[in-house]
Amino acid sequence: MLQRPRRLRASEGIRRLARETRLSTDDLVLPLFVREGEGQADPIESMPGHARLSIDRLVETARGAASLGIGGVALFPVIDEADKDPRGSVSSKPDGLLQRAVRALKQALPQMIVITDVALDPYSSDGHDGVLLDGRIDNDQTLPILADMAVAQAEAGADIVAPSDMMDGRVRAIREALDAAGHLDVAIGSYCAKYASAFYGPFREALDSAPRAGDKKTYQMDPANAREALRELALDEAEGADWVMVKPGLPYLDLIRAFREHTSLPVAAYHVSGEYAMLRAAAERGWLDYDACLLESLTALRRAGADVIFSYGALDAARLLAAG
Ligand code: PBG
């Protein structure tokens with residue numbers, strides 16, 4: 001037989017040489033949830049291994065991630081119900097929870113890249129990413145709020161602000177506000193093709209941020225659409241995004257590949273809460289091997305074209321990679 005592809009699979013040694021994609025802790029971002037208090041780690045039921053962490057515990061966890069070589073952390077605040085309002089006002093307070101968390105992290109670990117989420121939902125009494133007015137999400141009233149939020153995060157020391165709200169024109173509004181405030185080097189990591197996905201369920205449980213009424217389909221993308229994602233990509237590039245994300249991850253590998261082929265910007269993928277929960281739940285029942293399925297999932301995201309991967313399994317993956 002002339003062609004025997006199996007020759008290149010015959011031993012671990014030859015497979016290593018022939019391997020096309022590699023997973024590295026350099027490319028991984030660990031999402032973390034932060035809450036008020038001290039010494040607190042309040043487990044998130046649908047995300048085994050993850051907890052709502054008080055700032056001291058958050059710093060401890062990030063230190064562990066840094067020592068394993070993880071590239072960055074992405075922070076999400078758990079805001080007390082009493083502090084939420086329709087405009088998410090606490091989101092731009094210099095002493096707000098997220099801003100304090102960023103300051104503490106950058107002080108303890110100056111090298112760690114800190115990524116902050118820009119959207120109203122954790123702060124909004126309506127649980128939406130934008131301002132709810134007369135039964136609809138008002139795009140243009142939301143933009144200045146997002147811009148103020150991003151500036152407050154930059155002021156606290158965030159390296160990358162990551163708008164996840166899907167309002168039109170938000171990247172430009174945020175860039176202009178950051179520049180006007182002197183934060184020329186704070187990057188914008190845009191959640192560019194963010195779909196109205198049912199895979200965000202566990203995340204919304206973690207933050208108690210599910211929409212109080214309706215859904216997010218008037219701003220997040222329709223899972224049936226791919227060409228539309230390329231339009232979002234062109235807009236975000238023109239508006240000054242520094243990297244572009246596809247979210248969720250595994251169900252959207254075609255989009256990651258399309259982005260890789262259409263942009264020279266780094267492409268990020270978000271292996272979201274529901275994807276993580278599925279692996280954990282199946283493993284708990286003994287139906288899947290969590291470690292192997294996690295590494296396979298993250299490798300698939302890399303193979304599709306992701307340069308950066310956000311995953312709740314980042315710490316586990318880093319430990320597995322370090323163990324060889
Ligand atoms: C908030 C935001 C969400 C996620 C990241 N930022 C939830 C949503 O849009 O409802 C989801 C992350 C995950 O499920 O892991 N705008």
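For the structure itself, look to the data block above.
Residues numbered from 1 in each chain as written. Predicted model: local features only at pLDDT ≥ 70, side-chain atom pairs only at ≥ 80, totals over all residues. Heavy atoms only, no water.

Peer 1: How should the overall build of the chain be read in this particular structure?
Peer 2: Within the chain, the secondary structure is distributed over 11 helices and 12 strands. The C-alpha radius of gyration computed for the chain amounts to 20 Å, which stays within 12% of the reference 20 Å derived for 324 residues, consistent with globular compactness. Across its three principal directions, the C-alpha atoms of the chain cover 70 × 45 × 40 Å. When each of the 324 residues of the chain is scored for burial, the buried share is 53%. Residue pairs at least 24 apart in sequence account for 73% of intrachain contacts in the chain once pairs closer than 6 positions are excluded. Counting only carbon and sulfur atoms, one obtains 50% of the accessible surface of the chain, whose full area is about 14,600 Å². Averaged over its 37 positive side-chain charges, the chain has a centre that lies 8 Å from the centre of its 49 negative ones. (Helix = DSSP H or I, 4+ residues; strand = E, 2+ residues; numbered from the N terminus. Rg over C-alpha atoms; globule rule 2.2 N^0.38 Å. Buried < 20%, exposed > 50% of the residue type's maximum accessible area, 1.4 Å probe, protein only. Contact = heavy atoms within 4.5 Å. Areas by Shrake-Rupley, 256 points an atom, 1.4 Å probe, with all protein chains shown as cover. Lys, Arg positive; Asp, Glu negative; His and termini not counted. Charge placed at Lys NZ, Arg CZ, Asp CG, Glu CD.)

Peer 1: Help me out: how do you make sense of the nonpolar core in this one?
Peer 2: Soluble globular proteins tend to bury their nonpolar side chains together. The biggest cluster of nonpolar side chains holds 103 residues, and the ones touching the most others in it are Phe 33, Leu 75 and Phe 310. Among the elements that line this core, the one with the most residues is helix H4 (residues 139-156), at 8 residues. Filtering out sequence-adjacent residues up to four positions away, Phe 310 remains in contact with Val 29, Ala 74, Ile 115, Tyr 191, Trp 243, Met 245, Ala 268, Ala 269, Tyr 270 and His 271. (Core = buried A, V, L, I, M, F, W, Y, C linked by side-chain atoms within 4.5 Å.)

Peer 1: What should I look at first to understand a positive patch on the surface in this one?
Peer 2: Side chains of Arg 4, Arg 6, Arg 7 and Arg 9 sit close together on the surface and give a patch of like positive charge. Judged by relative accessible area, Arg 9 falls into the exposed class, the value being 51%. (Patch = residues over 30% accessible without salt bridge, like charges linked within 9 Å, V, L, I, M, F, W, Y side chains within 5 Å. Salt bridge = Lys/Arg side-chain N within 4 Å of Asp/Glu carboxyl O.)

Peer 1: When you look at the site of the ligand in this model, what are you seeing that I'm missing?
Peer 2: The ligand sits among 18 residues. The nearest are Lys 194, Arg 204, Lys 216, Lys 247 and Tyr 312. A distance of 3.2 Å separates a nitrogen atom of the ligand from a polar side-chain atom of Asp 121. In this structure, an oxygen atom belonging to the ligand sits 2.7 Å away from a side-chain N or O atom of Lys 216. Expressed as a share of its isolated accessible area of 400 Å², the protein-covered part of the ligand is 100%. Its residues assigned to classes, the shell around the ligand shows 8 nonpolar, 3 polar and 7 charged. (Near = heavy atom within 4 Å. Polar contact = N/O pair within 3.5 Å; in protein donor to acceptor, adjacent residues only side chain to side chain. Nonpolar A, V, L, I, M, F, W, Y, C, P; charged D, E, K, R; others polar.)

Peer 1: Before we go on, may I ask you to explain the pairing of strand E11 (residues 267-271) in this structure?
Peer 2: Consecutive side chains along a regular strand alternate between the two faces of the sheet. Where burial is concerned, most of E11 is hidden: 5 out of the 5 residues are buried. The sheet contact formed by strand E10 (residues 243-247) and E11 spans 3 bridges and is parallel. Opposite Val 246, over in E11, you have Ala 269 as the bridge partner. Following the backbone out of E10, through helix H8 (residues 253-262) and into the adjacent parallel E11, one traces a crossover that is right-handed. The pairing of E11 with strand E12 (residues 308-311) spans 4 bridges and is parallel. In the sheet register, Tyr 270 faces E12, and the bridge partner there is Phe 310. (Pairing = 2+ DSSP bridges. Right-handed = clockwise from strand over helix to strand, strands pointing away.)

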